[in-house]
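# Structural characterization, general
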Amino acid sequence: MIPRSGIGEVGSTSDDSKLRVSLNLLRGFGADGGHLETRGLSPTGDVVQVPLHRHNVSLDYSRFQLDIAYRVANDWDIALSLPYDIKNQNAFVDELYPVTLEERGAILRNQDIHHRDEVYWGFADAQLLVSHNLANLMRETDRLMVSVGSSIPIGATEEDPFKLGDAGQKHLHIQFGTGTFDPLAALHYETPLSEALSLHASVHGYFPFYENGKTYRGPVEITETVGMRYQFGEWLALHASHLGLFQSYAHWDGFRDVNSGLIFNALQFGVSPDPRFGVPIRLNVTIPIQSRTLSDKGDAFEVGPLLSMTVSYQL
């Protein structure tokens, strides 16, 4: 899965610029999930009982996110993030016990209505943030950015997959949005320790609080980062940070979605070469060090390695 909060940086322009446009490219590999199953599907579409087996699902994904930040007044910015996702899903079955030919057919038909080898693409929910920049709070030259806003529900949503699955009907668990306007909040703090070394910390929150028209309420997400930046002369900067993500359960019609819920920790390493033609570039790799789903009954995806690149231009 791709975290909805804390993707890229909270929108802000530099002190001498009015407009910043950034393109964030993210590629994720080896997000794995799965669950045990005892149901199959007969040739006539009836749900039948079959020997215990496991549905395995893996997901590779790409995100192309356009961020536009505009300085509307002194120390005030407004930023819009528009993400486009491509999700490549692969699914297969592990047979844990001997099965007959008829049972195998029922197992595979049931898998096909739940998980398929398919590629899905489309816009995810946009985000709109208003940010206020505060300087010299605890020491000279430090900065705190406070942001609040809302998601904009432009991503495609699905009907309740659990009800459809119980009825033996084809459905999709992957969604591109929540179908609701969800409050967002973020804090970002940075302070230089020397001419070359600076520290930063941030926390991003995403807070769905009501159901969409298809009875879905998305999970709360909290993302935090703590890290450092070291500048080697004028030609290279190195970045290192810790990334933590907490995702609560989502709900369908008031019932817990066992395919949601995640605790994730990772290390991020990045490099920013000397910007050419006024276009800064930053390359990042995110390496998971701990990933745990909240439920052992669903198929919430555990996050794999991430590669990302950010290209910015300021006016």
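The rules behind these values
- Residues numbered from 1 in each chain as written.
- Predicted model: local features only at pLDDT ≥ 70, side-chain atom pairs only at ≥ 80, totals over all residues.
- Heavy atoms only, no water.
- Helix = DSSP H or I, 4+ residues; strand = E, 2+ residues; numbered from the N terminus.
- Buried < 20%, exposed > 50% of the residue type's maximum accessible area, 1.4 Å probe, protein only.
- Areas by Shrake-Rupley, 256 points an atom, 1.4 Å probe, with all protein chains shown as cover.
- Phe/Tyr/Trp six-rings, centres within 6.5 Å; stacked < 30°, edge-to-face > 60°.
- Lys NZ or Arg CZ within 6 Å of the ring centre and 35° of its normal.
- Pairing = 2+ DSSP bridges.
- Contact = heavy atoms within 4.5 Å.
- Salt bridge = Lys/Arg side-chain N within 4 Å of Asp/Glu carboxyl O.
- Core = buried A, V, L, I, M, F, W, Y, C linked by side-chain atoms within 4.5 Å.
- Polar contact = N/O pair within 3.5 Å; in protein donor to acceptor, adjacent residues only side chain to side chain.
- pLDDT = per-residue confidence, 0-100.
- Expected span 1.5 Å × (residues − 1).
- Arc of directions from axis to C-beta.

## Some words on the overall build of the protein
- What the protein contains, in helices and strands, is two helices and 16 strands.
- Within the span of the protein, comprising 315 residues, buried residues form 44% of the whole.
- As presented, the protein carries roughly 15,600 Å² of accessible surface, and 62% of it is formed by carbon and sulfur atoms.

## A word on the packing of aromatic side chains
- Taken as a whole and assessed by the stated rule, the structure comprises four aromatic pairs.
- When the ring of Tyr84 is compared with that of Phe123, the centres are 5.0 Å apart and the planes differ by 85°; the resulting orientation is edge-to-face. Separated by 39 residues along the polypeptide, Tyr84 in strand β3 (residues 76-95) and Phe123 in strand β4 (residues 118-123) bring together distant segments of the chain.
- Under the relative-accessibility criterion, Phe123 is labelled partly exposed at 42%.
- Geometry around Phe176 places Lys87 over its ring, the cationic atom sitting 4.6 Å from the centre.

## Some remarks on the sheet that holds strand β13 (residues 255-257)
- Reading across from one edge, β9-β12-β13 is the order of the three strands in this open sheet, with antiparallel pairing throughout. Strand pairing shows two members of the sheet lacking a second neighbour, β9 (216-217) and β13, which therefore form its edges.
- Both β9 and strand β12 (residues 250-252) contribute to a ladder of two bridges, which runs antiparallel. Pairing of Tyr216 across the sheet is with Trp252, part of β12.

## Looking at the pairing of strand β7 (residues 183-192)
- Here strand β6 (residues 143-152) pairs with β7 via eight bridges, running antiparallel. Across the sheet, residue Val148 finds its bridge partner in β7, namely Ala185.
- Here β7 folds back onto strand β8 (residues 197-206) in antiparallel fashion, the turn holding four residues.

## What about the environment of Leu236?
- Note that Leu236 resides in strand β11 (residues 236-247).
- Sequence spacing of Leu236 and Ser272 is 36 residues, and the spatial spacing of their C-alpha atoms is 5.8 Å.
- The contacts of Leu236, once residues within four sequence positions are left out, are Tyr230, Gln231, Val271, Ser272 and Pro273.

## Some points on the pattern of salt bridges
- What the rule picks out here adds up to seven salt bridges.
- With a closest N to O distance of 2.8 Å, Glu95 and Arg104 form a salt bridge.
- For Lys163, the salt bridge is made with Asp253, and the minimal N-O distance between the two is 3.3 Å. Of this pair, Lys163 sits in helix α2 (residues 161-166) while Asp253 sits in the loop between β12 and β13; the two residues are 90 residues apart in sequence, bridging distant segments of the chain.
- Residue classification places Asp253 among the partly exposed residues on the basis of a relative accessible area of 34%.

## Describing the nonpolar core
- Counting residues in each nonpolar core, the largest one holds 15 residues, and the members touching the most others are Tyr61, Ile174, Phe264 and Val303.
- Contributions of two or more residues to this core are made by β1 (19-41), β2 (47-73), β11 and β14 (262-273).
- Per element, the largest residue contribution to this core is three residues, and it comes from β14.

## Let's talk about the environment of Glu103
- Tracing the chain through its elements places Glu103 in helix α1 (residues 101-114).
- As for Glu103 and Val50, which are separated by 53 residues in sequence, their C-alpha atoms are 6.2 Å apart.
- For Glu103, the contacting residues outside a window of four places in its chain are Val50, Pro51 and Pro98.
- A polar atom in the side chain of Glu103 sits 2.9 Å from the backbone nitrogen of Thr100.

## Some points on the confidence of the model for the protein
- Confidence in the prediction for the protein averages 89 pLDDT; 92% of positions are at 70 or higher.
- When pLDDT is averaged over each element of the protein, β9 comes out on top at 97 and β1 at the bottom at 89.
- Here residues 6-11 is modelled with pLDDT under 50, and outside its nearest four sequence neighbours on either side it reaches 22 contacts, counting other chains as well.

## Quick word on the side chain of Gln175
- Locating Gln175 in the fold gives a position in the loop between α2 and β7.
- A distance of 2.7 Å separates a polar atom in the side chain of Gln175 from the backbone nitrogen of Glu158.
- Not counting residues up to four positions away in its chain, the partners in contact with Gln175 are Lys87, Ala156, Thr157, Glu158, Tyr216 and Trp252.

## Thoughts on α1
- Here α1 contains 14 residues, and its C-alpha end-to-end distance of 20 Å stays within 8% of the 20 Å for a straight helix at 1.5 Å per residue.
- Every buried residue of α1 is accounted for by Ala106, Ile107, Asn110, Gln111, Ile113 and His114. For α1, the arc enclosing every buried residue in end-on projection is 165°, short of the 170-degree limit, so these residues lie on one face.
- Looking at the buried side of α1, the elements it contacts are β1, β2, β3 and α2.

## Looking at the side chain of His251
- Along the chain, the position of His251 falls in strand β12.
- Filtering out sequence-adjacent residues up to four positions away, His251 remains in contact with Thr215, Tyr216, Arg217, Arg256 and Asp257.

## Some thoughts on the pairing of β6
- The sheet contact formed by strand β5 (residues 126-135) and β6 spans ten bridges and is antiparallel. Paired with Ala135 across the strands is Arg143, a residue of β6.

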